[in-house]
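# A closer look at the structure
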Amino acid sequence: MNSAIPKKEVRCTQFFSDTLRGYAGIQEVDYDYESGNLRAVYDPRLINNERALEVVQHAGREASMRVAQCIAKRERGEQACAECAGELATQLAHQYEIAANIPTATFRKNTLEVRLNGSGIATNETVETEALSINPLEAEKKPAGIPIEQIEIAFTVINAVTGLTAFIGAGLGWHPSLIFGLYFVSYASGGWFGLIASFKALKEKIINVDLLMILAALGAAAIGQPAEGAMLLFLFSLSNTLQSYAMDRSRKAIEKLLDLRPKQATVRRGSRLVTLSIEQLTLGDVVLVRPGERFPIDGEVLSGVSDVDQATITGESMPVNKQQNDLVFAGTVNGTGSLEIRVTRLAKDTTLARIVKMVEEAQSTKANTQQMLDTFEQYYAIFVLAAAALLIFVPWLVLGNNFQPTFYRAMTWLVVASPCALVISTPASILSAIANGARNGVLFKGGVHLEKTATLKVLAFDKTGTLTSGKPTLSSLFSFSDTKEDDLLRLVAALESHSEHPLAKAIVQAAHSRDLNLSQSMEFRAIPGQGVEGVVESHHLLIGNERMFMERSIRIPVEIIKKASEMQDEGQTAMFAYDMRSQTFLGLLGVADTLREDAVEMIKMLKAIGIEHIVMLTGDNAKVAAKIAARAGVDEFHADLLPQDKVTVLKSLQKKYGPVAMVGDGVNDAPSLATADIGIAMGGAGTDVAIETADVVLMSDDLRKIPFSIGLARQARKVVWQNLTFSMSVIVLLVIGAFGAELALPLGVVGHEGSTVLVVLNGLRLLGYK
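So, how was this worked out
- Residues numbered from 1 in each chain as written.
- Predicted model: local features only at pLDDT ≥ 70, side-chain atom pairs only at ≥ 80, totals over all residues.
- Heavy atoms only, no water.
- Helix = DSSP H or I, 4+ residues; strand = E, 2+ residues; numbered from the N terminus.
- Buried < 20%, exposed > 50% of the residue type's maximum accessible area, 1.4 Å probe, protein only.
- Contact = heavy atoms within 4.5 Å.
- Areas by Shrake-Rupley, 256 points an atom, 1.4 Å probe, with all protein chains shown as cover.
- Pairing = 2+ DSSP bridges.
- Axes fitted to C-alpha atoms, helices over the stretch in contact; angles between N-to-C directions.
- Salt bridge = Lys/Arg side-chain N within 4 Å of Asp/Glu carboxyl O.
- Patch = residues over 30% accessible without salt bridge, like charges linked within 9 Å, V, L, I, M, F, W, Y side chains within 5 Å.
- 1 Å grid on protein atoms, 1.4 Å probe; cavity = no way out; pocket = protein on both sides within 12 Å on 5 of 7 lines; lining within 4 Å.
- Points joined across faces, edges and corners; volume = space filled by probe spheres on them.
- Arc of directions from axis to C-beta.
- Phe/Tyr/Trp six-rings, centres within 6.5 Å; stacked < 30°, edge-to-face > 60°.
- Expected span 1.5 Å × (residues − 1).

## Observations regarding the overall build of the protein chain
When helices and strands are counted, the protein chain shows 24 helices and 28 strands. Counting all 770 residues of the protein chain, 51% fall into the buried class. Within the protein chain, contacts between residues at least 6 apart in sequence are counted, and of these 69% link residues at least 24 apart. Split by element, the accessible area of the protein chain, about 35400 Å² in all, is 56% carbon and sulfur.

## Details of the sheet that holds strand 21 (residues 539-544)
What the six strands build is an open sheet, ordered 18-23-22-21-20-19; its pairing is antiparallel. Of all strands in the sheet, those bounded by a partner on one side alone are strand 18 (473-479) and strand 19 (521-527). Between one strand axis and the next, the sheet turns through 20° on average, direction left out of account. In the sheet, strand 21 pairs with strand 22 (residues 573-579) via four bridges, with the strands oriented antiparallel. Residue Leu-541 lies in a different strand from strand 22, and its bridge partner there is Asp-579.

## Let's talk about the pattern of salt bridges
Under the counting rule described, the total for this entry stands at 15 salt bridges. Across the salt bridge formed by Arg-290 and Glu-293, the nearest N and O atoms sit 3.8 Å from each other. Assessed through its relative accessible area of 29%, Glu-293 is described here as partly exposed. With its nearest N and O atoms 3.7 Å apart, the salt bridge here joins Lys-563 to Glu-566. In this pair, Lys-563 and Glu-566 are both assigned in helix 17 (residues 558-569), three residues apart and thus about one turn of the helix distant. Residue Lys-563 is classed as partly exposed on the basis of its relative accessible area, which comes to 26%. Each member of the salt-bridge network shares a partner with another, and the members are Asp-487, Arg-490 and Glu-537.

## Overview of a nonpolar patch on the surface
Together, Leu-390, Phe-393, Val-394, Trp-396, Leu-397, Val-398, Leu-399 and Phe-403 make up an exposed nonpolar region whose accessible area comes to about 790 Å². Here the nonpolar patch gets six residues from one element, more than from any other, and that element is helix 9 (residues 368-398). Tracing the backbone through its elements, the reader meets Trp-396 in helix 9. Here Trp-396 falls in the partly exposed class, since its relative accessible area comes to 34%.

## A word on empty space enclosed by the protein
Scanning all chains against the criterion turns up three cavities of 30 Å³ or more. Each pocket or cavity is described by its volume, and for the largest cavity that value is around 60 Å³. Looking at the largest cavity, the residues that line it are Lys-463, Thr-464, Leu-503, Gly-571, Thr-573, Val-591, Ala-592, Asp-593, Asp-620 and Val-624. Of all the secondary structure elements, the ones that give two or more residues to the lining of the largest cavity are helix 13 (463-467) and strand 23 (584-592).

## Side note on helix 18 (residues 599-608)
Buried within helix 18 we find Ala-599, Met-602, Ile-603 and Leu-606. Buried residues of helix 18 fall within an arc of 95° about the axis and therefore sit on the same side. The exposed residues of helix 18 that point more than 90 degrees off its buried face are Lys-604 and Ala-608. Looking at the buried positions of helix 18, the neighbouring elements they touch are strand 17 (458-462), helix 13, strand 24 (613-617), helix 19 (622-632) and helix 23 (705-740). Two residues or fewer after helix 18 comes Gly-610, characterised by a positive phi angle close to 100°.

## What to know about the side chain of Asn-723
Within the secondary structure, Asn-723 is located in helix 23. A residue is classified by how much of its surface remains accessible, and Asn-723, at 2% relative accessible area, is buried. Ignoring any residue separated from it by four or fewer positions in sequence, one finds Asn-723 in contact with Ser-425, Ser-429, Val-759, Asn-762 and Gly-763.

## Concerning the environment of Leu-302
In this fold, Leu-302 is placed in strand 10 (residues 299-303). As for Leu-302 and Val-287, which are separated by 15 residues in sequence, their C-alpha atoms are 9.6 Å apart.

## A look at the packing of aromatic side chains
On inspection of all chains with the given rule, the structure shows 14 aromatic pairs. Each ring, one from Phe-383 and one from Trp-413, has its centre 6.0 Å from the other, and the planes form 80°; the classification is edge-to-face. Here Trp-413 lies in helix 10 (residues 403-416) and Phe-383 lies in helix 9, a separation of 30 residues in the sequence. Phe-383 gets classed as partly exposed once you look at its relative accessible area, which sits at 46%. Ring plane angle 75° and centroid distance 6.4 Å describe the contact between Phe-576 and Phe-585, whose orientation is recorded as edge-to-face. Owing to a relative accessible area of 1%, Phe-576 belongs among the buried residues under this scheme. Aromatic ring contacts, followed pair by pair, group Tyr-380, Phe-383, Trp-413 and Phe-739 into a single cluster.

## Digging into the pairing of strand 11 (residues 306-309)
Because side chains alternate across strand 11, one face comprises the buried residues Ser-306 and Val-308, and the other comprises Asp-307 and Asp-309, none of which is buried. Pairing analysis gives three bridges linking strand 11 to strand 12 (residues 320-322), with the strands arranged antiparallel. When the sheet's bridge partners are listed, Asp-307 is paired in strand 12 with Asn-321. Where strand 11 and strand 14 (residues 333-334) come together, two bridges link them in antiparallel fashion. Looking at the pairing, Asp-309 lines up with Val-333 of strand 14.

## Quick word on the sheet that holds strand 10
The six strands lie next to each other as 8-7-9-15-10-13, forming an open sheet whose pairing is antiparallel. Strands at the two margins of the open sheet, each flanked by one partner only, are strand 8 (272-277) and strand 13 (327-328). Two elements, strand 10 and strand 15 (residues 339-343), share four bridges in a ladder whose sense is antiparallel. Along strand 15, the bridge assignment pairs Glu-300 with Arg-342.

## Side note on the side chain of Thr-573
Inspection of the secondary structure puts Thr-573 in strand 22. A relative accessible area of 11% places Thr-573 in the buried class. Those residues in contact with Thr-573, other than ones at most four positions away along the chain, are Leu-503, Leu-589, Gly-590, Val-591, Asp-620, Asn-621 and Val-624.

## A few points about the pairing of strand 23
The two faces of the sheet receive side chains in turn, since in a regular strand these alternate between them. Counting buried positions along strand 23 gives seven out of nine residues, so the element sits mostly inside the fold. The pairing of strand 18 with strand 23 spans six bridges and is antiparallel. Directly across from Leu-477, in strand 23, lies its bridge partner Leu-589. Pairing of strand 22 with strand 23 involves seven bridges; the strand directions are antiparallel. Among the inter-strand pairings, Thr-573 is bridged to a residue of strand 23, identified as Val-591. A loop of four residues connects strand 22 with strand 23, the two strands running antiparallel in sequence, and Gln-583 in this loop sits at a positive phi of about 55°.

## Section: unusual backbone geometry
Phi is positive for Asn-325, close to 80°, though the residue is something other than glycine. Checked against the element boundaries, Asn-325 lands in the loop between strand 12 and strand 13. What makes Asn-325 exposed here is its relative accessible area of 54%. Of note in the backbone geometry, Asp-640 takes a positive phi value of approximately 55° without being a glycine. Tracing the chain through its elements places Asp-640 in the loop between strand 25 (636-638) and helix 20 (643-657).

## Let's talk about helix 14 (residues 485-496)
Over its 12 residues, helix 14 extends 16 Å from the first C-alpha to the last, a length consistent with the 16 Å expected when each residue adds 1.5 Å. The element helix 14 is largely enclosed, with a buried count of nine among its 12 residues. Turning to helix 14, its buried residues number three or more, namely Leu-488, Leu-489, Arg-490, Leu-491, Val-492, Ala-493, Ala-494, Leu-495 and Glu-496.

Nothing here speaks to function; it is all geometry.
Structure below.
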């Protein structure tokens with residue numbers, strides 16, 4: 001062939017675009033080990049840019065491992081490089097199902113050259129990808145060594161053993177230097193992590209609780225009470241270890257979901273089935289999932305029918321039927337059928353992985369209460385230190401009291417007035433609540449949103465796809481011209497096939513059910529809140545609601561208006577079809593959506609937990625909206641709304657009632673979700689947009705998750721206030737005991753650290769909230 005092929009470039013970011021198909025067309029692959037680059041030459045008439053880059057990705061991974069083996073063999077004096085290169089060439093040929101000649105491969109120095117003689121098509125100009133750096137040998141490795149948690153436990157044990165031994169030895173009259181050495185080890189092991197944390201905080205000009213504890217322990221040793229100082233450090237380090245363990249339980253409660261995902265997948269390679277690690281899967285791979293197995297990756301069902309348990313992702317209690325074109329998620333459990341799925345997301349981008357990442361980010365953000373407590377802690381710690389100094393110097397220097405009891409009382413004050421329990425009371429509860437929500441299919445995107453959810457007074461629902469099933473069906477079709485009904489449906493469906501609106505999908509589905517062939521449409525344009533416009537065959541069509549024609553001063557005939565009104569009385573949404581070229585109305589289509597089965601129950605539950613006002617917002621006409629609102633039991637509805645109108649309604653609700661949540665699908669409701677105090681998106685497991693736009697994401701379409709999320713948020717707020725009240729009460733009682741009842745330092749430590757552990761454990765109760 002003499003035609004020149006235009007030169008194109010592929011960037012690595014394009015690899016993550018659409019699902020890729022086709023393997024032929026790779027002409028040459030050169031891998032440079034030193035730079036980690038792999039260069040591919042391909043024919044764009046047989047393979048597109050994205051697919052070429054996918055081949056580069058796979059080949060680079062395999063080449064890196066092979067080249068590393070070859071280099072190791074060369075360093076040992078072995079001559080196996082040509083053999084390794086040949087094996088790799090053959091492997092790549094089988095992997096990419098190249099049905100032409102087996103490619104050739106050579107290894108020169110640190111460069112492996114692979115030639116895939118695939119297409120046999122002569123070209124005048126080669127097309128090459130941009131250099132892509134692929135070096136799996138430099139993949140991040142987990143740091144070796146003993147986990148920090150185990151070191152903390154070991155130090156606590158050393159602190160306790162040496163401190164107790166020193167105390168017993170002092171009673172038995174052991175040599176003072178031995179006693180000193182034992183106490184020194186006890187203090188060092190018990191205060192090591194607190195001392196490090198104190199220095200780090202002081203570098204940031206922050207005084208923390210660790211510093212107060214270290215000073216109190218050193219003070220006890222200074223006045224001849226080393227045993228009490230050692231006990232203080234033991235209880236403090238034990239408390240911190242228990243806190244770390246408890247808080248880690250909350251953080252890891254969601255991470256354990258990743259353990260449910262299989263490490264390997266059964267992948268179809270032509271007529272063969274091969275087992276690969278999930279990290280090796282690429283977009284478009286076909287994975288076989290047998291009955292009872294967990295899905296290793298997110299994908300789309302290509303063949304087979306089965307019921308899938310999605311509880312780990314969506315929180316749904318009942319299995320969901322899956323068949324061709326349905327989405328499945330990594331970590332969920334296949335039922336009794338065998339399924340073949342096409343990979344739609346890489347292992348690191350699966351819904352499960354993104355849930356874990358998002359929850360980790362949410363747990364790292366601080367709630368408003370916690371931010372206020374962090375600020376309060378700084379001023380309070382300074383106050384405690386200043387008060388301790390005054391309690392030492394004023395009674396000793398001004399009032400003439402003995403130094404030792406005065407100093408001892410000041411050290412007791414440092415311990416009992418420390419705000420440990422106060423500071424930990426909020427994060428312990430917030431982390432647990434966020435983890436619980438995620439395990440039940442409700443994702444709070446931070447402690448701030450969890451706290452706001454607890455204050456909600458009004459909920460506004462989008463109608464289509466939220467209160468209704470979102471799967472409307474074509475219920476009426478009337479032609480008002482010479483066009484036959486099937487031809488009318490064919491024209492309208494051809495234009496609506498470009499729209500993502502549920503009403504448009506209903507029309508397209510109806511056309512397919514009648515086996516109608518849809519023509520190509522041009523100049524498609526979606527008009528939010530009105531309809532669509534475009535050209536099909538010789539018709540310039542406007543398809544939409546009455547507003548569309550009113551704004552264009554197009555008069556709708558009385559008989560058509562009357563028919564549309566009758567359809568609306570029956571709960572149907574009327575859609576007018578108009579040809580601008582002939583200036584005639586071609587017909588009228590009626591589409592009906594049904595109320596979700598759990599909508600009425602959900603609204604009753606919301607009212608039972610104290611939601612003051614429930615509102616429905618829709619772009620549909622008032623008659624249809626009134627019927628749906630009456631069936632659902634909402635307090636108020638607004639119809640014929642454009643996206644900007646919904647924002648206006650939400651602002652008026654905020655002004656009248658207070659905090660408002662907007663519940664939508666996260667796709668068409670982005671302005672409303674952003675305007676509301678809390679944006680709640682439903683069905684987040686299947687949409688990237690929902691996860692990005694909302695403050696709270698419901699992974700399934702189960703409306704009952706809304707009362708659950710509000711109940712969880714309110715319970716979290718209740719537990720936070722319980723912790724705050726308890727920790728403040730303990731501080732007050734201990735301070736009174738220190739000055740009114742000469743409370744001993746060890747008892748003060750027990751009270752202080754005991755209250756800290758208790759508030760953490762109380763927060764952990766939220767993991768079990770139902």
